[in-house]
Amino acid sequence: MKVTVDMDKCQHYGQCCFEAPDVFELDADGKLQYVADVAEERRADVESAADVCPMQAIVVE
Amino acid sequence: MTGIVIVGAGLGGLRTAESARAAGYQGPITIVGEESHLPYNRPPLSKEALSTGVAVDDLHFRRKPSVDDVTWHLGAPAIGSDLVARTVTLADGTVLSFQALVAATGIRPRRLPIDGPQAGCIALRTADDALQLRERLIPGAQVVILGAGFIGCEVAATAIKLGCTVHVVAIDTEPMIRPLGAELGSAMRVRHEHHGVHFHLGRFVTGFVGDEQITRVILDDGTELAADVVVEAVGSVANVEWLAGNGLDLSDGLLVDDAMAVIDAPCPMFAVGDIARHPNAWFPGPARRIEHWNMPTETGKRAGQSLAAVLSGAPMDTSAFAAMPSFWSDQYSHKLQSFGMPGLADHITVVTGSPDGPCIAEYRRDGQLVGVVGIDMTAELAPYRKQLMGQQ
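Residues numbered from 1 in each chain as written. Chains lettered and ligands numbered in written order. Predicted model: local features only at pLDDT ≥ 70, side-chain atom pairs only at ≥ 80, totals over all residues.

J.: Before we move on, could you go through the domain arrangement of chain B and cite the residues and values that matter?
T.: Residues and elements named next belong to chain B. Taken as a whole, chain B is organised into domain 1 (4-108 + 236-311), domain 2 (111-232) and domain 3 (333-388). Taken together, the contacts link 14 residues of domain 1 with 14 residues of domain 2. Listed by contribution, the elements that provide at least two residues to the side of domain 1 that touches domain 2 are α2 (48-52) and α3 (56-59). Per-element accounting of the side of domain 1 that touches domain 2 gives the leading share, three residues, to α2. Among the residues making up the side of domain 1 that touches domain 2, the classes are represented as seven nonpolar, four polar and three charged. (Domains from an automatic or database assignment. Contact = placed C-beta atoms within 7 Å. Helix = DSSP H or I, 4+ residues; strand = E, 2+ residues; numbered from the N terminus. Nonpolar A, V, L, I, M, F, W, Y, C, P; charged D, E, K, R; others polar.)

J.: I'd like a rundown of the nonpolar core, residues and numbers included.
T.: All names here are of chain B. Formed by 68 residues in total, the largest nonpolar core has its most connected members in Leu124, Ile145 and Val231. Among the elements that take part in this core, helix α5 (residues 150-161) stands out by supplying seven residues, more than any other. With sequence-adjacent residues up to four places away left out, isoleucine 145 is seen in contact with Gly152, Val155, Ala156, Val166, His167, Val168, Val231 and Ala233. Among the nonpolar cores identified, the runner-up in size contains 47 residues, and Leu14, Leu83, Ala103 and Met260 belong to it. (Core = buried A, V, L, I, M, F, W, Y, C linked by C-beta atoms within 7 Å. Buried ≥ 20, exposed ≤ 12 C-beta atoms within 10 Å, placed from the backbone.)

J.: Help me get a handle on the sheet that holds strand β4 (residues 78-82) of chain B, residues and values and all.
T.: Residue and element names in this part refer to chain B. The strand order across the open sheet formed by three strands is β4-β5-β6, and the pairing between neighbours is antiparallel. Both edges of this open sheet fall to β4 and β6 (95-97), since each of them pairs with a single strand only. Taken pair by pair, the neighbouring strands of this sheet meet at an average axis angle of 20°, ignoring direction. Two elements, β4 and strand β5 (residues 87-90), share four bridges in a ladder whose sense is antiparallel. Across the sheet, alanine 78 pairs through a bridge with leucine 90, a residue of β5. (Pairing = 2+ DSSP bridges. Axes fitted to C-alpha atoms, helices over the stretch in contact; angles between N-to-C directions.)

Structure below.
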């Protein structure tokens, strides 16, 4: 499963980190870091992370 | 037509449909919307979309493939319903029958009865409202904003960015005082004033003046403000009129149980989003409506699971509903973010930083943490969220 975050849209609110902490994380500077290639069995949580993004910046393929 | 009818084509309606599919419901779903648009994201309407130009196509939510077969009935609001006969009547004369109904009609701006011309006074809720407002926010325009809540403050910041002159009129003593409290509200006021916003707090409007178009706004102390456009952002009203006559208590949205099932409904019926007055295990006390962006997703997910159960004859999950309310707001370069229900607090303490810079405030009621607000300190809020969930 491919995860993409539109970093022009992302405002680093970190809501996604609560849904899938193994995929999304705010670094020490408060900037979002994420894993782009994620195992299929994590789909439900990754889709939840995309759902709760206030900027709707996360695309899951 | 049978199956599920969802009245309301916003975020809550969409998430409910997706959740019912994810929970195994394969029958028909019809989603009814007052606006002609498919579900789209509203928060940008007072911020970036208002600033750069409103293109609703860019604001649409991605819809999961599972709802590709949903029937969308857009551009016709529901105007009535008969919950015993299980029908909903739309403004275009359509009558839809259902097995299970979802009320996801959300809220609309509260409008004040103000004397004088009304042309030039805009309340912001829809993409079409934002488009109308955007056309008037030209450099040098004199903008008078009624209300100093989030929408009023966000529009103020956007209008300043677009080169307008901005006056904010509110009966409150500080902007965003209900969610933030006086100290952080005051600190945000100073930030707005630094950018040139003029506040008229503790004041209210007594009339609009102008021929056909509003040109001046009169305040209760006699102040007259020149106005090219007035933005009315003074709270909201739940869209529940279409449910009148069914014996439901509609005084404050719709009261639901932990499964999002509407109390006292004579048919399978659920409510989600801004109109659902729901219990919340993490925030004991009376059931409450919470008009935060993340709640339609939280309540919609639960309602979808309940729908799939009811329509397959299985028992609903009646375990306690728990969801973490969260809000955020962009004003100038500043980011406000909150978890919990800071508005419930009786005591507020700034625990990190100082309100004139990056800071975090704890909101407590009877000594218990009920909310947290950060200004420009997003990452540092995460531990408080856990604490609010009882996971300290």
